[in-house]
Amino acid sequence: MKFKKVISLAITTLVLNAVFIVEASAESIRLRCETRTARSKISVDGRSLSKNMTYKAQVTSGGVTVLSKLPMKRPVGGEVEFDFDSDGGDIRAGATAIKAGFIKKNHVTASIVDRDGYKVTDSEACTAKKK
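Summarised in this report is the structure supplied together with it. (Residues numbered from 1 in each chain as written. Predicted model: local features only at pLDDT ≥ 70, side-chain atom pairs only at ≥ 80, totals over all residues. Heavy atoms only, no water.)

## Here we look at the overall build of the protein chain
Counting its secondary structure elements, the protein chain contains two helices and nine strands. Listed N to C, the secondary structure of the protein chain is α-β-β-β-β-β-α-β-β-β-β in terms of helices and strands. Here the protein chain, with 131 residues, has 34% of them falling under the buried criterion. For the protein chain, long-range pairs separated by at least 24 residues make up 60% of all intrachain contacts whose partners lie at least 6 apart in sequence. (Helix = DSSP H or I, 4+ residues; strand = E, 2+ residues; numbered from the N terminus. Buried < 20%, exposed > 50% of the residue type's maximum accessible area, 1.4 Å probe, protein only. Contact = heavy atoms within 4.5 Å.)

## Thoughts on the sheet that holds strand S5 (residues 80-85)
Overall, mixed pairing links the five strands, which are arranged S6-S5-S2-S1-S9 in an open sheet. If you trace the sheet from one side to the other, it starts and ends with strand S6 (96-97) and strand S9 (129-130), each paired once. (Pairing = 2+ DSSP bridges.)

## Considering the side chain of Ser 68
Looking at the secondary structure, you find Ser 68 in the loop between strand S4 (64-67) and S5. The class for Ser 68 is buried, based on a relative accessible area of 7%. If we ignore the near neighbours within four places in the chain, the residues touching Ser 68 are Lys 56, Ala 57, Phe 82, Phe 84 and Thr 96.

## As for the pattern of salt bridges
Summed over all chains, the structure comprises six salt bridges. Linking Arg 32 and Asp 45 is a salt bridge whose minimum nitrogen-to-oxygen distance equals 2.9 Å. In this pair, Arg 32 is assigned in strand S1 (residues 28-36) and Asp 45 in strand S2 (residues 39-47), connecting sequence segments 13 residues apart. A salt bridge links Asp 90 to Lys 41, with the shortest nitrogen-to-oxygen separation between them at 3.6 Å. With Asp 90 in helix H2 (residues 88-92) and Lys 41 in strand S2, this residue pair connects regions lying 49 residues apart in the sequence. Taking the relative accessible area as the measure of exposure, Lys 41 reaches 33% and is therefore partly exposed. Put simply, Arg 39, Lys 41, Asp 85 and Asp 90 are held in one network by salt bridges that share partners. (Salt bridge = Lys/Arg side-chain N within 4 Å of Asp/Glu carboxyl O.)

## Topic: the state of the cysteines
Put plainly, two cysteines are in a disulfide when a covalent bond ties their sulfur atoms together. A full pass over the atoms with the stated rule returns one disulfide. Here Cys 33 engages in a disulfide with Cys 126; their sulfurs sit 1.9 Å apart. One end of the pair, Cys 33, is in strand S1; the other, Cys 126, is in strand S8 (residues 124-127), and 93 residues separate them in sequence. This pair shows no difference in class: Cys 33 is buried, exactly as Cys 126 is. (Disulfide = S-S within 2.5 Å.)

## Brief notes about the nonpolar core
Ile 42, Val 44, Val 59, Phe 82, Phe 84, Val 108 and Ile 112 are the most contacted members of the largest nonpolar core, which totals 23 residues. Among the secondary structure elements, those contributing two or more residues to this core are S1, S2, strand S3 (55-61), S5 and strand S7 (107-114). Excluding anything up to four places from it in sequence, Val 108 contacts Leu 31, Cys 33, Ile 42, Val 59, Thr 60, Ser 61, Ile 103, Glu 124, Ala 125 and Cys 126. (Core = buried A, V, L, I, M, F, W, Y, C linked by side-chain atoms within 4.5 Å.)

Next up, the structure:
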């Protein structure tokens, strides 16, 4: 009888872990970036994120990495958005400040990191659109 309980517990644990792994791999990221003569603008959108966790974004270009400003964000409907901008108006509206020349060679990579420091999305790259 005790053996059956141990086996039952082991199977339940395996099933719960499998469900968690499927949920954890569902996160996705969308990255948009844009450059102008005197402006860099980056938007990082996360989807299918756990509502029980808080997140920040990190963007990298030309070997320089910038983390989104605090506080970390909690998803609404599984989605969270981070904006990085060199425009003063957008910074005052909540975007994380970056330099106008932050985007180097029109290339940016980004990922979303949870409060424990784990990357929950694969790094995404984009080529900056010039406007």
